[in-house]
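Chain by chain, the residues:
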Amino acid sequence: MNKRRILVAANLTNGRDAAFDRGLEIARASGAEVYLLHAVPANQRFSIGATERLRRTAEFRDRAERMGVTLQAVEQHGDPAEIIELHANARDVDLIVMGAERHRKPKWLRRSSITERVLRRSKQPTLVVPSADDASSEF
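This write-up is about the structure you can find in this document. Sequence order as written defines residue numbering, which begins from 1 separately in each chain. The predicted nature of this model means local features are confined to residues of pLDDT at least 70 and side-chain atom pairs, given and counted, to a pLDDT of 80 or more, with totals for whole chains, interfaces and linings taken over all residues. Side-chain numbers come from the whole structure's heavy atoms, not from hydrogens or water.

## Structural notes on the overall build of the protein chain
For clarity, the threshold we go by: The helix count covers DSSP runs of H or I at least four residues long, the strand count covers runs of E at least two residues long, and both are numbered beginning at the N terminus. When a residue's accessible area, from a 1.4 Å probe over protein chains only, is under 20% of the maximum for its type it is buried; when over 50% it is exposed; and in between it is partly exposed. The contact rule is simple, with two residues in contact once any of their heavy atoms fall within 4.5 Å. The method behind every accessible area is Shrake-Rupley, applied with a 1.4 Å probe, and residues are considered shielded solely by the protein chains displayed.
Across its full length, the protein chain carries 4 helices and 5 strands. The 139 residues of the protein chain split such that 38% are buried. For the protein chain, the share of sequence-separated contacts (at least 6 apart) that also reach a separation of at least 24 residues comes to 78%. For the protein chain, the accessible area works out to roughly 8,100 Å², and carbon and sulfur atoms hold 50% of it.

Structure below.
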């Protein structure tokens, strides 16, 4: 695998992020840089969880540095699927890595997930990582 730039759409507001772990491993193995993106949904105030997001970003940056991976982090406020698509196109990424969302409602009761919308719209290959993924395991 020879990827130059990997966009990791991460959730910086809760615990472990399997998508970041997997994206970091792919970047380390391929020599790619990581573009870490967190989209704050438009229906939330940007300031909510900001301290935790900053702490997690610093943690992710340290992990990338220890593995020898270049990481650039950015946050944006708006529709997450649109933001992911916008950044993937603007940054000319080779791969999008994002987590699979858990659904509590039956499919007929919910609107399309962020993951589904990105998969439908994106031109780049997209790897959807289950939340229980162990990035140290083989592909």
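## As for the packing of aromatic side chains
Put simply, the rule is: Stacked, tilted and edge-to-face pairs are distinguished by plane angle, under 30 degrees for stacked and over 60 for edge-to-face with tilted covering the rest, among Phe, Tyr and Trp rings (Trp via its six-membered ring) whose centres lie within 6.5 Å. The rule for a charge over a ring is simple: NZ of Lys or CZ of Arg within 6 Å of the ring centre, and within 35 degrees of the ring normal.
One pass over the full model with this rule turns up 1 aromatic pair. Ring geometry for Phe20 against Phe60: centres 4.0 Å apart, planes inclined by 10°, an arrangement best described as stacked. With Phe20 in helix α1 (residues 18–30) and Phe60 in helix α2 (residues 50–66), this pair connects stretches of sequence that are 40 residues apart. Each member of the pair, Phe20 together with Phe60, is buried. The residue whose ring lies beneath Arg53 is Phe46, and the NZ or CZ to ring-centre distance is 4.9 Å.

## Describing the sheet that holds strand β3 (residues 71–78)
Put simply, the rule is: Here a strand pair is declared whenever DSSP counts at least two bridges between the two strands. Only the stretch in contact is used when fitting a helix axis, every axis being a line fitted to C-alpha atoms; angles between N-to-C directions are given from 0 to 180 degrees.
Strand order across the open sheet formed by 5 strands is β3-β2-β1-β4-β5, with parallel pairing between neighbours. With one partner strand each, in any of the chains shown, β3 and β5 (126–129) form the two edges of the open sheet. The mean angle between the axes of side-by-side strands here comes to 20°, regardless of whether they run parallel or antiparallel. Packing of α1 onto the sheet brings it into contact with β1 (5–9), β2 (33–41), β3, β4 (95–99) and β5, and relative to β1 it is tilted by some 170°.

## Considerations on the side chain of His87
Heads up, the rule is: Under the rule applied, a polar contact is a pair of N or O atoms within 3.5 Å (in protein, one hydrogen donor and one hydrogen acceptor; residues adjacent in sequence only if both atoms are side-chain atoms).
In this structure, His87 sits in helix α3 (residues 80–90). Given a relative accessible area of 9%, His87 falls into the buried group. Side chain to side chain, His87 and Tyr35 meet in a polar contact 2.8 Å long. In contact with His87, not counting residues within four places along its chain, are Leu7, Tyr35, Leu37, Val74 and Gln76.

## Quick look at the pairing of β3
When β2 meets β3, the two strands line up parallel, connected through 8 bridges. Each residue of the ladder has a partner; that of Val34, found in β3, is Leu71.

## Points about the packing of α3 against helix α4 (residues 114–121)
Quick note on the threshold: We call a crossing left-handed when the near helix sits turned anticlockwise from the far one by less than a right angle, and right-handed when that turn is clockwise. Each residue is assigned to one class: nonpolar for Ala, Val, Leu, Ile, Met, Phe, Trp, Tyr, Cys and Pro, charged for Asp, Glu, Lys and Arg, and polar for all the others, Gly among them.
Viewed as axis vectors pointing N to C, α3 and α4 meet at an angle of 35°, and their least axial separation amounts to 9 Å. Judged by the sense of rotation from one axis to the other, the crossing of α3 with α4 is right-handed. Every residue of α4 that contacts α3 at Pro80, Ala81, Glu82, Ile84 and Glu85 is listed here: Ile114, Arg117, Val118 and Arg121. Across the contact of α3 with α4, the residue classes break down as 5 nonpolar, no polar and 4 charged.

## With respect to α1
Our working definition: The span you would expect from a helix comes to 1.5 Å times its residue count less one.
Under the 1.5 Å per step criterion, the end-to-end length of α1 is 18 Å for 13 residues, consistent within 8% with the ideal 18 Å. Across the 13 residues of α1, 10 count as buried, placing the element largely inside the fold. Along α1, the residues that are buried comprise Ala18, Ala19, Phe20, Asp21, Arg22, Gly23, Leu24, Ile26, Ala27 and Ser30. Tucked inside the fold, the buried residues of α1 contact β1, β2, α2, β3, β4 and β5. Phi for Gly31, located one or two positions after α1, is positive at around 80°.

Geometric descriptors of this kind do not, in isolation, establish any biological role.
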